[in-house]
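Observations on the model geometry
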Amino acid sequence: MRTLIANFKMNLTPSETKDYLMAFLSRFDGSKIDLTLCLPYTSLGLGALLCKNRNVRLGAQNLSDEEQGKNTGEISGAMLKDSGVDYVIIGHSERRKKFKEDTKTINKKIKVALKNGLGVILCVGESLTERNTLKTFEVLREQIECALKGLYENELERVIIAYEPIWAIGSGKTPTKNEIEGAVKEIRHIIKDDFSENASISIKVVYGGSIDSKNIKQFLSAKKLDGFLVGGACLDPNEFLKISSLCS
Ligand code: PEP
């Protein structure tokens with residue numbers, strides 16, 4: 001069964017989310033796909049209500065690296081868990097860049113998420129300059145090793161790695177199928193080096209970056225790829241339904 005993750009980013013008010021979910025869920029068949037909708041914080045309560053018994057997981061897009069207390073404006077792992085959240089995106093390039101999240105913070109957030117019973121969608125990927133200077137694999141190793149430092153192998157069962165080249169996010173550009181396969185192979189290789197062969201086979205790896213219902217077809221047969229993370233194209237329920245049925 002393929003994994004499909006939607007990142008709504010900072011889009012849709014709770015009322016808009018309600019309209020979206022009513023339109024989407026009435027035509028969505030959750031029996032053939034493992035879907036996680038990563039909604040904005042303000043839509044999570046509503047998402048939990050409407051997604052209940054629909055075979056759809058609920059995701060958040062960030063969490064605090066602290067457990068609780070003096071962190072005005074932050075959201076804790078326990079708050080997310082208690083709101084019905086299953087997964088949380090950590091290390092998205094927008095947060096690494098705009099909010100200056102470094103690898104130590106990302107590692108801390110992953111540990112907090114796992115401790116609170118949440119699954120983690122860890123985003124990794126190279127910039128255009130790094131790609132052009134052939135540093136993609138080096139960057140992937142650094143990002144993954146720092147993010148997963150100190151984790152137990154069994155905790156990887158609750159980690160999904162999303163290969164998201166920064167230059168592909170929201171740009172309309174994608175790597176070739178071969179390039180995605182190369183990155184996925186390297187990611188599994190890193191997991192094998194740091195954990196075990198078993199972990200490298202069983203960990204879920206998805207691709208994200210400018211996926212839509214037209215270009216996804218060429219990537220469906222990519223080797224060892226478990227699914228996709230979709231940003232912009234998930235915002236239109238009809239388009240996202242098409243993507244979901246192509247992945248089923
Ligand atoms: C993302 O932000 O994670 C993403 C994949 O966005 P898009 O699909 O718009 O490139």
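Heads up: these notes are all about the structure in this document.

1. Observations concerning the sheet that holds strand E3 (residues 56-60)
Judged by pairing direction, the barrel is parallel, and its eight strands sit side by side in the order E1-E2-E3-E4-E5-E6-E7-E8 before closing back on the first. With strand direction ignored, the average angle separating the axes of adjacent strands in the sheet is 25 degrees. Here strand E1 (residues 2-7) pairs with strand E2 (residues 33-38) via six bridges, running parallel. Looking at the pairing, Thr-3 lines up with Asp-34 of E2. Most of the contacts of helix H10 (residues 237-247) go to E1, to which it runs at about 165 degrees, and overall it touches E1, E2 and strand E8 (227-230).

2. So, H10
The complete set of buried residues in H10 reads Pro-237, Glu-239, Phe-240, Leu-241, Ile-243, Ser-244 and Cys-247. Where H10 is buried, its residues touch E1, helix H1 (14-25), E2 and E8. Sitting at the head of H10, Asp-236 places a side-chain oxygen 2.9 Å from the backbone nitrogen of Asn-238.

3. Focus: the nonpolar core
General note: in soluble globular proteins, nonpolar side chains tend to be found buried as a group. If you look at the biggest cluster of nonpolar residues, it comprises 66 residues, and the most contacted ones within it are Leu-37, Ile-110, Leu-148, Phe-228 and Phe-240. Broken down by element, the residue count for this core peaks at six residues, all from helix H8 (residues 177-194). Each residue touching Leu-37, except ones within four places of it in the same chain, is listed here: Ala-6, Phe-8, Leu-21, Cys-51, Val-56, Arg-57, Leu-58, Gly-59 and Phe-240. Core analysis: the second largest hydrophobic core is formed by ten residues, Tyr-87, Ile-160, Ala-162 and Leu-229 among them.

4. Comments concerning the site of the ligand
Contacts to the ligand come from 14 residues, most closely from Lys-9, Gly-170, Ser-210, Gly-231 and Gly-232. At a separation of 2.8 Å, an oxygen atom of the ligand approaches a polar side-chain atom of His-92. Ser-210 has a polar backbone atom sitting 2.7 Å from an oxygen atom of the ligand. When the free accessible area of the ligand is taken as 300 Å², the share hidden by the protein chains comes to 96%. Partitioned by chemical class, the residues of the shell around the ligand number four nonpolar, eight polar and two charged.

5. Considering the pattern of salt bridges
Oppositely charged side chains can form a pair if their charged atoms are brought close together. Following the criterion strictly, the structure yields 13 salt bridges and no others. Residue Asp-193 is joined to Arg-141 by a salt bridge in which the shortest nitrogen-to-oxygen separation is 2.9 Å. You can see Asp-193 sitting in helix H8 and its partner Arg-141 sitting in helix H7 (residues 136-147), a full 52 residues away along the chain. Each of Arg-141, Glu-145, Glu-186 and Asp-193 takes part in a single network of salt bridges with overlapping partners.

6. Side note on the packing of aromatic side chains
Under the criterion given, the structure shown has six aromatic pairs. Ring centres 5.1 Å apart and planes at 80 degrees place the aromatic pair Phe-8 and Tyr-20 in the edge-to-face group. Placement of Phe-8 in the loop between E1 and H1 and of Tyr-20 in helix H1 is noted, with a sequence separation of twelve residues between them. Summarising the burial analysis for this pair, Phe-8 and Tyr-20 share the class buried. With 6.2 Å between their ring centres and 55 degrees between their planes, Tyr-163 and Tyr-207 make a pair best called tilted. With Tyr-163 in strand E6 (residues 159-163) and Tyr-207 in strand E7 (residues 204-208), this residue pair connects regions lying 44 residues apart in the sequence. You can call Tyr-163 buried: its relative accessible area is 3%. An aromatic cluster of three or more residues is present, and its members are Phe-8, Tyr-20, Phe-24, Phe-28 and Phe-240. Above the plane of the ring of Phe-99 lies Arg-95, whose end atom (NZ or CZ) is 4.2 Å from the centre.

Calculation notes
- Residues numbered from 1 in each chain as written.
- Predicted model: local features only at pLDDT ≥ 70, side-chain atom pairs only at ≥ 80, totals over all residues.
- Heavy atoms only, no water.
- Pairing = 2+ DSSP bridges.
- Helix = DSSP H or I, 4+ residues; strand = E, 2+ residues; numbered from the N terminus.
- Axes fitted to C-alpha atoms, helices over the stretch in contact; angles between N-to-C directions.
- Contact = heavy atoms within 4.5 Å.
- Buried < 20%, exposed > 50% of the residue type's maximum accessible area, 1.4 Å probe, protein only.
- Polar contact = N/O pair within 3.5 Å; in protein donor to acceptor, adjacent residues only side chain to side chain.
- Core = buried A, V, L, I, M, F, W, Y, C linked by side-chain atoms within 4.5 Å.
- Near = heavy atom within 4 Å.
- Areas by Shrake-Rupley, 256 points an atom, 1.4 Å probe, with all protein chains shown as cover.
- Nonpolar A, V, L, I, M, F, W, Y, C, P; charged D, E, K, R; others polar.
- Salt bridge = Lys/Arg side-chain N within 4 Å of Asp/Glu carboxyl O.
- Phe/Tyr/Trp six-rings, centres within 6.5 Å; stacked < 30°, edge-to-face > 60°.
- Lys NZ or Arg CZ within 6 Å of the ring centre and 35° of its normal.

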